[in-house]
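Working through the structure, step by step
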Amino acid sequence: MRCALLAGLLTAWLGPARAVLPDRDACAPAVAAAEHGARTAPGLLGAIAVVESGRRDETGAMAAYPWTINAAGVGSYYASKAEAIAAVLAFRAQGIRSIDVGCMQVNLMHHADAFASLDEAFDPAANALYAARFLTRLLVQTGSWPAATAGYHSLTTDIGAEYARKVLAVWAKPALRTTPDLLRAAAPASGTSFAAQSAAGGRVIPLPTPGVAAAGRGLASYRAAPTRLAAGLATGRG
């Protein structure tokens, strides 16, 4: 009775369309909350999320997607958290260790102590909070938000600068979230062609069949100097 009453109040307050948030749309509020909590530059963490795990919805808009994986340089989307966790286990069974996960694509090898479990790693709130605190630490290390943004991807100057250019373009003009050439587009987990994104001009990353190793652009090619978890950030999730 009490639960039903609370549910009714929540629906009345949020409205029917907002009362239940689909899992696939969970990144945006998680990133916003993390950004507020960590006091990162308004909108910057959201721009990073879109560049890291952006996926087009039915309207053509790009939004960060929580069940995104990049394993050894190959990007993948999965239909659920359970499928994403199973995919990480399968990649690890193949000997792949450099795996980016979740809304903010936190690397599980370079940030080995970031999460207590894969379930937590794919939790949008935990994933975004870790990333926000990490980005804040990078600000202290580098002295500016643009430099911290570059460092989020790589401390190798040329590699980090190109990444920062994409992020800062989205940050400065949110409308660019619908501009395919500025964003990394990944293929769906089935391994089929991503027709919708391809038709829109997005760059499709071939995806391996789950459980089968696939050759891809190694992370070393764009993350030659990975930024490891900074000392003193043990309680963070970034």
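Bear in mind that the values here come from a model prediction, so they are computed numbers and not experimental data.

1. Observations regarding the confidence of the model for the protein
For the protein, per-residue confidence averages 72 on the pLDDT scale, and 63% of positions sit at 70 or higher. Taking the mean pLDDT of every element in the protein, the minimum, 26, falls on helix H9 (residues 195-199) and the maximum, 98, on helix H5 (residues 118-121). Of the regions scoring below 50 in pLDDT, residues 1-20 engages in five contacts with residues more than four places distant in sequence or in other chains. Taken as a whole, residues 178-238 scores under 50 in pLDDT and shows 148 contacts with residues more than four places along the chain or in a different chain.

2. What to know about the state of the cysteines
All told, the structure shown has one disulfide when counted by the stated rule. Note on cysteine connectivity: Cys-27 is disulfide-linked to Cys-103, with sulfurs 2.0 Å apart. Torsion about the S-S bond of the Cys-27 and Cys-103 cystine: about -90 degrees, corresponding to left-handed handedness. Of this pair, Cys-27 sits in helix H2 (residues 27-38) while Cys-103 sits in the loop between strand E5 (99-101) and strand E6 (106-107), and the two are 76 residues apart along the sequence. Accessibility expressed as a relative area gives 0% for Cys-27, which makes it buried.

3. As for the pattern of salt bridges
Taken as a whole and assessed by the stated rule, the structure comprises two salt bridges. Between Lys-81 and Asp-119 there is a salt bridge, and its shortest N-O distance comes to 3.3 Å. Taken together, the residues span a long stretch of sequence, with Lys-81 in helix H4 (residues 81-93) and Asp-119 in helix H5 at a distance of 38 residues. A salt bridge links Glu-162 to Arg-165; its shortest N-O distance comes to 3.2 Å. Taken together, the residues span about one helical turn, with Glu-162 and Arg-165 both in helix H8 (residues 157-172) at a distance of three residues. Since its relative accessible area comes to 37%, Glu-162 is described here as partly exposed.

4. Some remarks on unusual backbone geometry
The phi torsion at Ala-72 lies on the positive side, around 55 degrees, for a residue other than glycine. Counting through the fold element by element, Ala-72 comes out in the loop between strand E3 (68-71) and strand E4 (74-77). A relative accessible area of 24% means that Ala-72 is categorised as partly exposed. For Gln-105, which is not a glycine, the phi torsion comes out positive at approximately 50 degrees. With respect to the helices, strands and loops of the structure, Gln-105 is situated in the loop between E5 and E6.

5. Things to note about the environment of His-36
One can find His-36 in helix H2. Sequence spacing of His-36 and Leu-129 is 93 residues, and the spatial spacing of their C-alpha atoms is 9.7 Å.

6. Here we look at the packing of aromatic side chains
Evaluated as defined, the whole model comprises three aromatic pairs. Relative to Tyr-130, the ring of Phe-115 lies with its centre 5.5 Å away and its plane at 50 degrees, an arrangement referred to as tilted. With Phe-115 in the loop between E6 and H5 and Tyr-130 in helix H6 (residues 124-142), this residue pair connects regions lying 15 residues apart in the sequence. A single burial state applies to Phe-115 and to Tyr-130, both of which are buried. Judged by centre distance (6.0 Å) and plane angle (50 degrees), the rings of Phe-134 and Tyr-152 are tilted. In this pair, Phe-134 sits in helix H6 while Tyr-152 sits in helix H7 (residues 145-153), placing the two residues 18 residues apart along the sequence. Taken individually, Phe-134 and Tyr-152 each receive the classification buried, so the pair is uniform in this respect.

7. Looking at the pairing of E3
Burial of E3 is two-sided: the residues Thr-68 and Asn-70 facing one way and the residues Ile-69 and Ala-71 facing the other way are all buried. Of the strand pairs in this sheet, E3 and E4 are connected by four bridges, and their pairing is antiparallel. From the neighbouring strand, Thr-68 faces E4, where its bridge partner is Tyr-77. Adjacent in sequence and paired antiparallel, E3 and E4 are bridged by two residues, among which Ala-72 carries a positive phi angle near 55 degrees. As defined by bridge partners, E3 adjoins E5 across three bridges and the pair is classed as antiparallel. The residue of E5 that forms the bridge with Asn-70 is Asp-100.

What counts, and where the lines are drawn
Per chain, residue numbering runs from 1 following the sequence as it is written. Under the rules for a predicted model, residues below a pLDDT of 70 receive no local features and side-chain atom pairs below 80 are neither given nor counted, while totals for whole chains, interfaces and linings still include all residues. Excluded from the side-chain calculations are hydrogens and water; all other atoms, namely the structure's heavy atoms, are used. Along the chain, pLDDT gives the predictor's confidence residue by residue, from 0 to 100. Helix and strand definitions follow DSSP, with helices as H or I runs of at least four residues and strands as E runs of at least two, each counted in order from the N terminus. Residues are treated as being in contact if the distance between any of their heavy atoms lies within 4.5 Å. Two cysteine sulfur atoms form a disulfide, by the criterion used here, when they sit within 2.5 Å. Think of it in three bands: residues with accessible area under 20% of the maximum for their type are buried, residues over 50% are exposed, and the middle band is partly exposed, with areas taken using a 1.4 Å probe on protein chains only. The rule for a salt bridge is simple: a side-chain nitrogen of Lys or Arg has to be within 4 Å of a carboxyl oxygen of Asp or Glu. In this scheme Phe, Tyr and Trp rings, the latter by its six-membered ring, pair at centre separations within 6.5 Å, and the angle between planes marks the pair as stacked below 30 degrees, edge-to-face above 60, and tilted otherwise. We treat two strands as partners when DSSP finds at least two bridges between them.

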